[in-house]
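# An overview of the molecular structure
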Amino acid sequence: MKRKTIKYYSTNLNSPEVSFSEALLKGLAPDGGLYLPDSLPIISTRELGSYPCKEYSEIAYNILNKIIGNEIDKEELSKLCADAYNFEIPLEKIYDRKYIMRLDQGPTASFKDFAARMMSRLMQHFLSHKNQHVTILTATSGDTGSAVANAFYGLNNIKVVILFPAEEVTLMQRKQMTTLQDNISVLAINGKFDDCQRMVKMAFLDPALSDISLTSANSINIGRLLPQSVYYFYAYAKLATTTDEKVIFSVPSGNFGNLMGGLIAKKMGLPVKKFVISTNENDEVPEFLHTGKYKLITPSKNCISSAMNVGHPSNLARIVAFYGGVMDESGNVIKSPDLNQMREDLFAVSVNEEETKRTIDEAYRKYDLLLEPHGAVAWKGTKEYSSRNKNIRPAKPLYISLETAHPSKFPDALRQILKIEPPLAPSLLNLENKPEHFHSMENSYSLLKEFLIKYHK
Ligand SMILES: *Cc1c(COP(=O)(O)O)cnc(C)c1O
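Structural notes, computed from the coordinates.

## Describing the overall build of the chain
Looking only at helices and strands, the chain features 18 helices and 15 strands. Taking 457 residues into account, the globule formula puts the C-alpha radius of gyration at 23 Å, and the chain, at 21 Å, falls close to it. Taking the intrachain contacts of the chain between residues at least 6 apart in sequence as the baseline, contacts between residues at least 24 apart amount to 75%. Just so you have it, the chain exposes about 18,000 Å², and 48% of that area is on carbon and sulfur atoms. Side chains of the chain give 54 positive and 51 negative charges; the mean places of these two sets differ by 4 Å.

Written out as structure tokens, the structure reads:
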């Protein structure tokens, strides 16, 4: 039976629909919108029932094949999945049916490896078939950059340029980007993450750079989001007691790519009762859900969960589109989404710095649970949700809280709060002594433009 071909449309509704490989290689749609699939396959209960005995890479293949299988050879896709996902995904029971999913065992010790490793392999596959070359331009608040640099390092058809806010990434995060060289260039911008993101977006829309095939590896790329739906299925398959048990996920959110992965999984049939959206003090999305009014935060607030210091999440337009609305890239709501349905599916909570620190401390003392700031924000989110929903049925529902980075990526916070030295993630060993290479740049788009033109001469 031939399946319907999935097409990708722009959230601004003003670009032609494209195939997956086109959306993947373009990144941003020509009208400045974000690509979304016009339909998604359903994972049947029977298939879901087959997942518990499958490996992560097999589940990834099964799901991705249903979405992009008509654009890539099955055996090739299966090989790429096995190659991308060769690390553990620990599911740690804390108490009752509350679990932590640790997405921190990849090569850069953050969950962004899940997206970046698959996207890089898919891009290299499609580019080499077309004999084309691209440059990936990406802004990072820390973990995207290192995951992208690592995932694309050494690929033949792809150059990478990464912008990061000079004062807002940890030494470890920086070293993961700056110690590679070869096809990876790194720019330290004297500004905030949102400045880096704005410059990247300007470059994409700049006709003067049209000779350079620029593309994106931020969570604005649909090629990152689809692979991120897989771990929701995986965790559910391993932990649910029946194939219709409902699960509550808590997702520590900044640009909301992670949450989009979850929403895609739900749309494909995963029985999710609720997504707890856990943010730090950058609470524009929780406010939006509560009040129906969207007000972005500039400049974004500096919190210790630094990868979530986002005042205007790039994936919000996609979430709005999922619920029938339209939001442009500046955050204007052109058409209101179905807020009631959003509130039905999503429970949003903003966790302040004080609470984040207290949660890290309490989790460690009470449950011997070592969390870094992002995972702590999520864990606190599950607590908030369960304390406000005491009469929920079943009495002890399945909770899965996402831990998105390895605690050793945030040693300063843990030293200060717990007075311990978190054991180093295996992938971070040896980084200390490697020499760094990066350019410092003022917060000015014209300097970035000049750099890009010179770099491609
Ligand atoms: C990027 C990141 C997040 C936020 O994920 P989004 O997909 O941007 O919402 C959370 N935690 C860590 C450790 C991250 O690196």
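## What to know about the side chain of D194
Here D194 is to be found in helix 8 (residues 193–205). For the buried D194, which has no salt bridge, the nearest side chain bearing the opposite charge is K192, at an N-O separation of 7.5 Å. When residues no more than four places from it in sequence are discounted, the contact partners of D194 are I297, S300, V310, G311 and H312.

## Here's the deal with the packing of helix 3 (residues 56–68) against helix 10 (residues 230–239)
The geometry of helix 3 relative to helix 10 is characterised by a closest axis approach of 10 Å and an angle of 125° between their N-to-C directions. It follows that helix 3 is oblique to helix 10 by the angle criterion. Regarding helix 3 and helix 10, the two cross each other, and that crossing is right-handed. Side by side, helix 3 and helix 10 meet where Y56, I59, A60 and I63 of the first sit next to V230, Y231, F233 and Y234 of the second. Grouping the constituent residues of the contact of helix 3 with helix 10 by class yields eight nonpolar, no polar and no charged.

## So, helix 4 (residues 74–84)
Regarding helix 4, the residues found buried are L77, L80, C81 and A84. An end-on view of helix 4 places all buried positions within 100° of arc, on one side of the element. Within helix 4, the exposed residues directed more than 90 degrees away from the buried face are E75 and K79. Of the surrounding elements, those touching the buried residues of helix 4 are helix 3 and helix 5 (112–130).

## Looking at empty space enclosed by the protein
The final tally for this structure, using the stated rule, is two cavities of 30 Å³ or more. Of the volumes computed, that of the largest cavity is approximately 270 Å³. Within the residue set of the lining of the largest cavity, elements represented by two or more residues are helix 6 (143–152), helix 8 and helix 11 (257–267). Here the lining of the largest cavity is composed, by residue class, of seven nonpolar, 15 polar and three charged.

## Details of the pattern of salt bridges
Pairing between side chains of opposite charge can happen when their charged atoms approach one another. Summed over the entire model, instances satisfying the criterion amount to 15 salt bridges. For R121, the salt bridge identified is with D83, shortest N-O distance 2.8 Å. A residue pair is termed long-range when its members are at least 10 positions apart, and R121 in helix 5 and D83 in helix 4 qualify at 38 residues. Using a relative accessible area of 17% as the deciding quantity, one classes R121 as buried. Exposure remark for D83: the relative accessible area of 41% places this residue in the partly exposed category. The partner of R415 in a salt bridge is E421, with the nearest N and O atoms 2.7 Å apart. Overall, the relative accessible area of 36% leaves R415 in the partly exposed class. Taken together, the shared-partner salt bridges in this structure form one network comprising K380, E384 and R388.

## Concerning the site of the ligand
Of all residues adjacent to the ligand, which total 15 residues, the nearest are K112, D143, G254, N255 and T404. Note that an oxygen atom of the ligand is positioned 2.8 Å from one of the backbone N or O atoms of N255. The separation between an oxygen atom of the ligand and a polar main-chain atom of N258 is 2.8 Å. Protein contacts shield 98% of the accessible area of the ligand, which totals 380 Å² for the unbound molecule. For the ligand, the cavity whose grid points lie within 2 Å of the majority of its atoms is the largest cavity. Residues belonging to the shell around the ligand are distributed by class as follows: six nonpolar, seven polar and two charged.

## Things to note about the packing of aromatic side chains
Counted by the stated rule, this structure contains 22 aromatic pairs. Between the aromatic rings of Y232 and F249, the centroid separation amounts to 4.8 Å while the plane-to-plane angle is 85°, which identifies the pairing as edge-to-face. Here Y232 is found in helix 10, whereas its partner F249 is found in strand 9 (residues 247–252), with 17 residues between them in sequence. Geometry around Y455 places K159 over its ring, the cationic atom sitting 5.8 Å from the centre.

Conventions used here
- Residues numbered from 1 in each chain as written.
- Predicted model: local features only at pLDDT ≥ 70, side-chain atom pairs only at ≥ 80, totals over all residues.
- Heavy atoms only, no water.
- Helix = DSSP H or I, 4+ residues; strand = E, 2+ residues; numbered from the N terminus.
- Rg over C-alpha atoms; globule rule 2.2 N^0.38 Å.
- Contact = heavy atoms within 4.5 Å.
- Areas by Shrake-Rupley, 256 points an atom, 1.4 Å probe, with all protein chains shown as cover.
- Lys, Arg positive; Asp, Glu negative; His and termini not counted.
- Charge placed at Lys NZ, Arg CZ, Asp CG, Glu CD.
- Buried < 20%, exposed > 50% of the residue type's maximum accessible area, 1.4 Å probe, protein only.
- Salt bridge = Lys/Arg side-chain N within 4 Å of Asp/Glu carboxyl O.
- Axes fitted to C-alpha atoms, helices over the stretch in contact; angles between N-to-C directions.
- Parallel < 35°, antiparallel > 145°, perpendicular 65-115°, else oblique.
- Left-handed = near helix turned anticlockwise from the far one by under 90°.
- Nonpolar A, V, L, I, M, F, W, Y, C, P; charged D, E, K, R; others polar.
- Arc of directions from axis to C-beta.
- 1 Å grid on protein atoms, 1.4 Å probe; cavity = no way out; pocket = protein on both sides within 12 Å on 5 of 7 lines; lining within 4 Å.
- Points joined across faces, edges and corners; volume = space filled by probe spheres on them.
- Near = heavy atom within 4 Å.
- Polar contact = N/O pair within 3.5 Å; in protein donor to acceptor, adjacent residues only side chain to side chain.
- Sits in = over half its atoms within 2 Å of the grid points.
- Phe/Tyr/Trp six-rings, centres within 6.5 Å; stacked < 30°, edge-to-face > 60°.
- Lys NZ or Arg CZ within 6 Å of the ring centre and 35° of its normal.

Everything listed is a geometric property; what it means functionally is a separate question.
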